[in-house]
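Listed below are the residues making up each chain.
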Amino acid sequence: MNNKATIESTSDLSVFRKIEGNRPLSEAKIKKMILSVKSGIDFFEYCPILVDSKMRVIDGQHRLEACRRLKKDVFYIQKKGVAKIEEVSTLNSANSGWSTPDFIDSYAAQGNPNYIHLKTLKASYKIGYGAISSFLSNGVLTDGGGSVTKKVRDGDFKISHMDEAVEFLNFISSVRPYFTIINTFTLRAIIKVYRVEDFSAGSFSSKLIKIKRKVPYCPSVKDALKEIETVYNFRRKERIILY
């Protein structure tokens, strides 16, 4: 009995369906494929897309879209059974590498509230996923953040410090205009002093207004801490040590 998969083709692209939760299409990737074909490198026949028994695309959604725009037939292999999004993300991650935002988009599209909140906060506060997910999960910005990132990518991310995270993110938004840039070093420094018992967010904000200059770019956490402490002690009679 021959169970070897066969490559088929069709000009009717309407038969193909998207798997809910798959990562968004990359316009740059599609244009690159189209450019390759127009320059004489037509690889579609030798790189068929993979679909499940319901003609849902498991791997090859960019190739499908490129063929659609080029009005070309689509070559495909159909596997038995219905694919799950976990199978799609694993396959795509192995082939071309899903980024952390791809995984977040996927889990959010599946209705996971933790990932929906994560996306919303990222869009609202313009801070990287690594920092926000770490704060939402642990209440702190952990060094490296590897364990949190793995949880995010594996679908195991859970929010347990929402109120703390939102309070801190609101504070960051209020002081952002007074910093040349809030990079990772500056963010870690702010988090460090934010947790110091003698630190007052309100006092720091008012000092930022009074000094009439922006906090400069800081190439390290230590430099950022020095700048923050200098601002915090502006015109203060007794110096307060923040780090």
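For the structure itself, consult the block above.
All values reported here derive from a predicted model rather than from experimental measurement. (Residues numbered from 1 in each chain as written. Predicted model: local features only at pLDDT ≥ 70, side-chain atom pairs only at ≥ 80, totals over all residues. Heavy atoms only, no water.)

*Asks:* Hey, could you run me through the packing of aromatic side chains in this one?
*Replies:* A complete count under the given rule lists 14 aromatic pairs for this structure. An angle of 25° between the planes, with centres 6.5 Å apart, marks the rings of Phe103 and Tyr107 as stacked. Here Tyr107 and Phe103 lie together in helix H4 (residues 100–109), a separation of 4 residues that amounts to about one turn. On the basis of relative accessibility, which here comes to 7%, the residue Phe103 falls in the buried class. Seen in terms of ring centroids, Phe199 and Tyr232 are 5.1 Å apart; in terms of plane orientation they differ by 25°. Their pairing is stacked. In this pair, Phe199 is assigned in the loop between helix H9 (184–194) and helix H10 (201–211) and Tyr232 in helix H11 (residues 221–232), connecting sequence segments 33 residues apart. The class of Tyr232 is buried, set by a relative accessible area of 2%. Aromatic rings pair up to connect Phe135, Phe168, Phe171, Phe179, Tyr194, Phe199, Phe204 and Tyr232 into one cluster. Directly above the aromatic system of Tyr129 lies the positively charged group of Lys122, at a separation of 5.4 Å from the ring centroid. A cation over an aromatic ring shows up here: Arg236 above the ring of Tyr232, its NZ or CZ 4.6 Å from the ring centre. (Phe/Tyr/Trp six-rings, centres within 6.5 Å; stacked < 30°, edge-to-face > 60°. Helix = DSSP H or I, 4+ residues; strand = E, 2+ residues; numbered from the N terminus. Buried < 20%, exposed > 50% of the residue type's maximum accessible area, 1.4 Å probe, protein only. Lys NZ or Arg CZ within 6 Å of the ring centre and 35° of its normal.)

*Asks:* Looking at this structure, how should I read the sheet that holds strand S4 (residues 74–78)?
*Replies:* Backbone hydrogen bonds are what pair the strands of a sheet, in a parallel or an antiparallel way. The strand order across the open sheet formed by 4 strands is S1-S4-S2-S3, and the pairing between neighbours is mixed. On the outer flanks of this sheet lie strand S1 (7–10) and strand S3 (57–59), each paired with one strand and no other. Here the strands of the sheet are splayed against their neighbours by 45° on average, with no regard to which way each runs. Across 3 bridges, strand S2 (residues 49–51) lies against S4 in parallel orientation. Note on S4: the bridge partner recorded for Val51 is Gln78. On top of the sheet, helix H2 (residues 61–70) reaches S2, S3 and S4; it is set at about 115° to S3, its chief contact. (Pairing = 2+ DSSP bridges. Axes fitted to C-alpha atoms, helices over the stretch in contact; angles between N-to-C directions. Contact = heavy atoms within 4.5 Å.)

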